[in-house]
Amino acid sequence: MLELVARPDLERTLAEITWPHDPRVGLFGPGSAAWRVFRERALVTYAPRAVMLQYAHPAFAEASASYGASGAAPGERFERAVRTLLRMIFSDRKTVLVSARRLHLLHDRPSGSLAEGSERMPAGSPYHGNDRASLAWILVTLLDASVRAFERFVAPIDPALERALFRDVETFASLFGLRREDVPTSRRALDRFVDDHVAHALVVGTEARAMWQFLRTAPRRRQLLPRAALSAWASYTLPRELRAALGEELSPRRERALDSASKMLSVRALPDRVRFVDAYVSAASAARAGT
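An account of the accompanying structure is given in this report. (Residues numbered from 1 in each chain as written. Predicted model: local features only at pLDDT ≥ 70, side-chain atom pairs only at ≥ 80, totals over all residues. Heavy atoms only, no water.)

**Things to note about the overall build of the protein**
Piece 1. Secondary structure summary: the protein contains 15 helices and 2 strands in total.
Piece 2. Each principal axis of the C-alpha distribution contributes one length, and for the protein these read about 55 × 45 × 35 Å.
Piece 3. Split into buried and exposed, the 291 residues of the protein put 49% on the buried side.
Piece 4. For the protein, long-range pairs separated by at least 24 residues make up 74% of all intrachain contacts whose partners lie at least 6 apart in sequence.
Piece 5. For the protein, the accessible surface area stands at approximately 14900 Å², while carbon and sulfur atoms represent 55% of it.
Piece 6. A distance of 7 Å separates the average location of the 43 positive side-chain charges in the protein from that of its 33 negative side-chain charges. (Helix = DSSP H or I, 4+ residues; strand = E, 2+ residues; numbered from the N terminus. Buried < 20%, exposed > 50% of the residue type's maximum accessible area, 1.4 Å probe, protein only. Contact = heavy atoms within 4.5 Å. Areas by Shrake-Rupley, 256 points an atom, 1.4 Å probe, with all protein chains shown as cover. Lys, Arg positive; Asp, Glu negative; His and termini not counted. Charge placed at Lys NZ, Arg CZ, Asp CG, Glu CD.)

**A word on the packing of helix α3 (residues 47-55) against helix α10 (residues 206-217)**
Piece 1. Viewed as axis vectors pointing N to C, α3 and α10 meet at an angle of 160 degrees, and their least axial separation amounts to 9 Å. Relative to α10, the element α3 lies roughly antiparallel. For the pair α3 and α10, the crossing hand works out as right-handed. In this structure, α3 contributes P48, V51, M52 and Y55 to the contact, and α10 contributes E207, A208, M211, W212 and L215.
Piece 2. Here the residues of the contact of α3 with α10 sort into 8 nonpolar, no polar and 1 charged. (Axes fitted to C-alpha atoms, helices over the stretch in contact; angles between N-to-C directions. Parallel < 35°, antiparallel > 145°, perpendicular 65-115°, else oblique. Left-handed = near helix turned anticlockwise from the far one by under 90°. Nonpolar A, V, L, I, M, F, W, Y, C, P; charged D, E, K, R; others polar.)

**Points about the environment of A208**
Piece 1. With respect to the helices and strands, A208 occurs in helix α10.
Piece 2. Among the residues examined, A208 registers a relative accessible area of 1% and is labelled buried.
Piece 3. C-alpha separation for the pair A208 and Q54, spaced 154 residues apart in sequence, amounts to 8.5 Å.
Piece 4. When near neighbours in sequence (up to four residues on either side) are disregarded, A208 contacts M52, Y55 and A56.

**A word on α3**
Piece 1. Most of α3 is tucked away: 9 of the 9 residues are buried.
Piece 2. Looking at α3, one finds that the buried residues are A47, P48, R49, A50, V51, M52, L53, Q54 and Y55.

**Looking at the nonpolar core**
Piece 1. The biggest cluster of nonpolar side chains holds 79 residues, and the ones touching the most others in it are F38, M52, F90, F172, L175, F176 and L178.
Piece 2. Here this core takes 11 residues from helix α7 (residues 132-153), the largest share from any one element.
Piece 3. Aside from chain neighbours lying at most four places away, what touches M52 is A208, M211, W212, L215, L238, L242 and L246.
Piece 4. In terms of nonpolar packing, the next biggest core, distinct from the first, is built from 5 residues, A59, L114, M121 and Y127 among them. (Core = buried A, V, L, I, M, F, W, Y, C linked by side-chain atoms within 4.5 Å.)

**Let's talk about the pattern of salt bridges**
Piece 1. Summed over all chains, the structure comprises 23 salt bridges.
Piece 2. With a shortest N-O distance of 3.1 Å, R179 and E3 are connected by a salt bridge. With a gap of 176 residues between them, R179 in the loop between α8 (159-173) and α9 (187-200) and E3 in the segment before α1 (7-15) connect regions that are remote in the sequence.
Piece 3. Taking the relative accessible area as the measure of exposure, E3 reaches 38% and is therefore partly exposed.
Piece 4. The closest approach of N and O atoms between E255 and R240, which form a salt bridge, is 2.8 Å. Of the two residues, E255 sits in helix α13 (residues 252-263) while R240 sits in helix α12 (residues 240-246), which places them 15 residues apart along the sequence.
Piece 5. Among the charged side chains, a salt-bridge network with shared partners connects E3, R132, R179, E181 and D182. (Salt bridge = Lys/Arg side-chain N within 4 Å of Asp/Glu carboxyl O.)

**So, α10**
Piece 1. Spanning 12 residues, α10 covers 17 Å between terminal C-alpha atoms, matching the ideal 16 Å at 1.5 Å per step.
Piece 2. When we look at burial in α10, the residues that qualify are A208, M211, W212 and L215. Taken down its axis, α10 places every buried residue within 105 degrees of arc, on the same side. (Expected span 1.5 Å × (residues − 1). Arc of directions from axis to C-beta.)

Rendered as structure tokens:
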């Protein structure tokens, strides 16, 4: 049964947000857990995981197919989505609100019935871009991938940072009209949420396979590693069930090698202009200028 986030629902959650006093710092501001975690470029290393978890969700895949009819390439749609989310984290209050309303309008377009389904969402089930559960899944996949990348390449997430981060996630969910109970409130709850969906709600269908092929073969602007190594890493980030469904099993030896090599890497010694995303650098500069 679908539960749609209607425009009045969105406006109600937006009105309930407690904003920082300075509108230039947007929703969170300097010192927040959201800024500390989502400023890292290293989060992109787990993008294949987030993308494939999304495309294995039948409703997301169906909505993506409808967007595909407009002629936008998968990579373009994903990069546009990432830019929008970064604006909603790091931009000023006006930009955040405009982005939230625009995103709601965009999600209000795709709807219909599923051509391909899963155990929890059989073929023929209705779907809608502003379904509460589907919106929550998008946020969860991005959070799951970000937490994993941060812990691997930046630093462990200690209990204090975890509590602060998940409080920020609850606030961020308000920009989608979501409630506190719609999203996980701890790392343990996040892992359970993802594992449950992998086991019962996801399926590797036509759209997911097409996206996986795109991820493995699309040219990259800055390809620092051989394509085979990048493809192996993309496989490594996936849940084992998705790897198996895609026919991308890694040998235990290859998996251990990828695990060991990645654990030796850290971004903490990089200069800020290389380490952090542009949206954060601009926001931090604006915040300093206002003090």
